[in-house]
Amino acid sequence: LESLLEEESIWLKVFHNDDHIGTPEIYSFCIGTPEHIYVIEDSVENEAEVGAFFEKFKGCICGHELKKDYYALFTKCSIHEDRERGFSFDTLYDTAIAAYILDPQKKSYELSILMLEYLHQEFMTDKEIAEQTGVIDLFGDGLKNQGKIAKSIFEAEYKIAEHQLPLIAREKLTSLFTNVELPLCEILASMERYGMKADAAALDEIGGQLKSRISELTTMIYAMSGKEFNINSPKQLGTVLFEDLGLKNGKKTKTGYSTNAAILDKIKDEHPVVPLILEYRTLSKLAGTYIDGLIPLIDKTGRIHAHFQQTVTATGRLSCTEPNLQNIPVRHEEGRRLRKLFAASGDGRTLVGADYSQVELRIMAHLSEDPVLIESFRNNEDIHRITASRVFGTEPEKVDSLHRSRAKAVNFGVIYGISSFGLSEDLKISRAEAQQYINDYFKTHPKVREYMDRCVETASEQGYVTTVMGRRRYINEIHASNHMVRQAGERLAMNTPVQGTAADIIKIAMIKVYRELNKKCPDSHLILQVHDELIIDCETGHQDETANILKDCMENAVTLKVPLSVEVNSAENWYDLK
């Protein structure tokens, strides 16, 4: 391996099983260039050698979906005393991430798909590669096989990179790629490796409470319906609601009545059984997904190692799976209480968390240059109260809670291009009244209206919109002949620059936080990102220093025309951070 230290760039492929519950089983490390490849069998001695090599190598590490390889490397090959942290790579190139920033709306970024699209050449799928690595062939020469596969992979990645690099430069995506997306490979691998402690006692307690309440609801629903039936069956539920109980608004399909959440929400005041059914559904989903679903994901140390995905969302936001920690329904107290399951990793340790305050509204102020929004944020005023004051024509101090909550709905609704119908549904008011609120908002914030109109024009002219960092989203719907589809495209054009910029900002903040923690608080670990929130697991004695790093890095991630603001808290579990 020493001969590779002088190379400007090398290619990496780790054949492993990507185990996030136990320790990943590595079959071999393949390192080198498309011409010269080292295939190294996994062993304690070889892990140390590979770890030492990466400590010394200062060139560019190239590969495809490198985060998966880093996860295995951080688990098995770290030569630090703190095996959870791993080691740092100065320069990276990932063909999957490059393909993602060039087109964030692909369904897949597999090598076989990229080879076919870019170079019109056939290549093995991931499944075919796995079948030919020798892992399954117990009687073949596994390492020799893996070397051959790695060589073909490296050659394919090299060709793809040659195709991608000029495109990235031409589309002015180099800074986004180099400074935002690539550094996240290491950070996400580190977050996955460290994991988050799952409190088994809290899991049992909350699980028992949920199941007890579900049983109570079942009994009550049967009593109110006058019969027992399968509540989870839409067909049986539709018959009970719209035939047996005679409720209105039943829409019959080929398979029975529709009983989706929107339908039930509309009729929840028509009969007392409907709210109980809605609660039953919510609690059943929580119990199934976050109680029963979590148990098999907990490793022997009591931690859960979620998967963080970079190449899934069109807006640039990260996604989270197994489990999806970003999708806990916190609007319900039962959902919020599930956060009690996630705690600091041990005695003497604390969670420190921070989330951005109204980051999307601040981005809208920056992008639209609306003087009212800019002044309000610079003066640290209550933006919803100020909006209510202007929209409803009253003094700020006289704004009541109802008007403030309606102004809040308008503020956030406008960002998403909400229609009068959508706002009327949210606020339970007439469409005419909702439209008046929207009209009044744009009268008091004309720069916002102008900016949103420009977004639609830009999307129509060039086919895409961009974030502050230059991230693109192509909006094909903008030219659709169907009016509803075209309107959806216009809403995407309005919202994407705001939501995408928020995604860029939190990613930049993560990079800054991770690097500062490495320098100043190496016992503090960034473990979770949920939309606009970051969470760190640290020693209790270092929580103040960790909190200061978190606040400073998040508030100074980028420079906007208005200040970014975060609220920092510390607690033993995720629930108590709020």
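Residues numbered from 1 in each chain as written. Predicted model: local features only at pLDDT ≥ 70, side-chain atom pairs only at ≥ 80, totals over all residues. Heavy atoms only, no water.

So, about the sheet that holds strand β16 (residues 525-530). Pairing in this open sheet of 4 strands is antiparallel, and the strands run β16-β17-β13-β18 from one edge to the other. Of all the strands in the sheet, the pair left with one neighbour each is β16 and β18 (566-571). Averaged over all pairs of adjacent strands, the angle between strand axes in this sheet comes to 20°, irrespective of strand direction. Here strand β13 (residues 349-356) pairs with strand β17 (residues 533-539) via 7 bridges, running antiparallel. The residue bridging valine 352 from the neighbouring strand is isoleucine 536, located in β17. Lying on the sheet, helix α7 (residues 174-194) is in contact with β13, β16 and β17; it crosses β16 at an angle near 100°. (Pairing = 2+ DSSP bridges. Helix = DSSP H or I, 4+ residues; strand = E, 2+ residues; numbered from the N terminus. Axes fitted to C-alpha atoms, helices over the stretch in contact; angles between N-to-C directions. Contact = heavy atoms within 4.5 Å.)

The next subject is the state of the cysteines. Inspection of the entire model under this criterion finds 0 disulfides. Here cysteine 185 is not cross-linked by a disulfide; its sulfur's nearest cysteine counterpart is in cysteine 60, at 11 Å. Taking relative accessible area as the criterion, cysteine 185 reaches 0% and is therefore assigned buried. (Disulfide = S-S within 2.5 Å. Buried < 20%, exposed > 50% of the residue type's maximum accessible area, 1.4 Å probe, protein only.)

Within the secondary structure, isoleucine 418 is located in the loop between α16 (401-415) and α17 (420-427). Apart from residues no more than four positions distant in its own chain, isoleucine 418 is found in contact with Gly413, Leu423, Asp426 and Ile438.

Turning to helix α4 (residues 111-119), a few remarks are in order. Taken together, the buried positions of α4 are Leu111, Ser112, Leu114, Met115 and Tyr118. Buried residues of α4, seen end-on, are gathered within an arc of 165° and therefore sit on one face of the element. Residue histidine 120 follows α4 closely and has a positive phi angle near 60°. (Arc of directions from axis to C-beta.)

So, about the side chain of histidine 305. Mapped onto the fold, histidine 305 is located in the loop between β9 (303-304) and β10 (307-309). Only 2.7 Å separates the side chain of histidine 305 from the backbone oxygen of glutamate 192, close enough to count as a polar contact. Looking at histidine 305, its side chain comes within polar contact range of the main-chain oxygen of arginine 193, at 3.0 Å. Apart from residues no more than four positions distant in its own chain, histidine 305 is found in contact with His20, Tyr71, Glu192, Arg193, Tyr194, Gly195, Asp299 and Glu322. (Polar contact = N/O pair within 3.5 Å; in protein donor to acceptor, adjacent residues only side chain to side chain.)

Time to look at the pairing of strand β2 (residues 26-32). Judged by how many residues are buried, β2 sits mostly within the fold: 6 of 7 residues are covered. Direction of pairing for β2 relative to strand β3 (residues 37-41): antiparallel, over a ladder of 5 bridges. Across the sheet, cysteine 30 pairs through a bridge with valine 39, a residue of β3.

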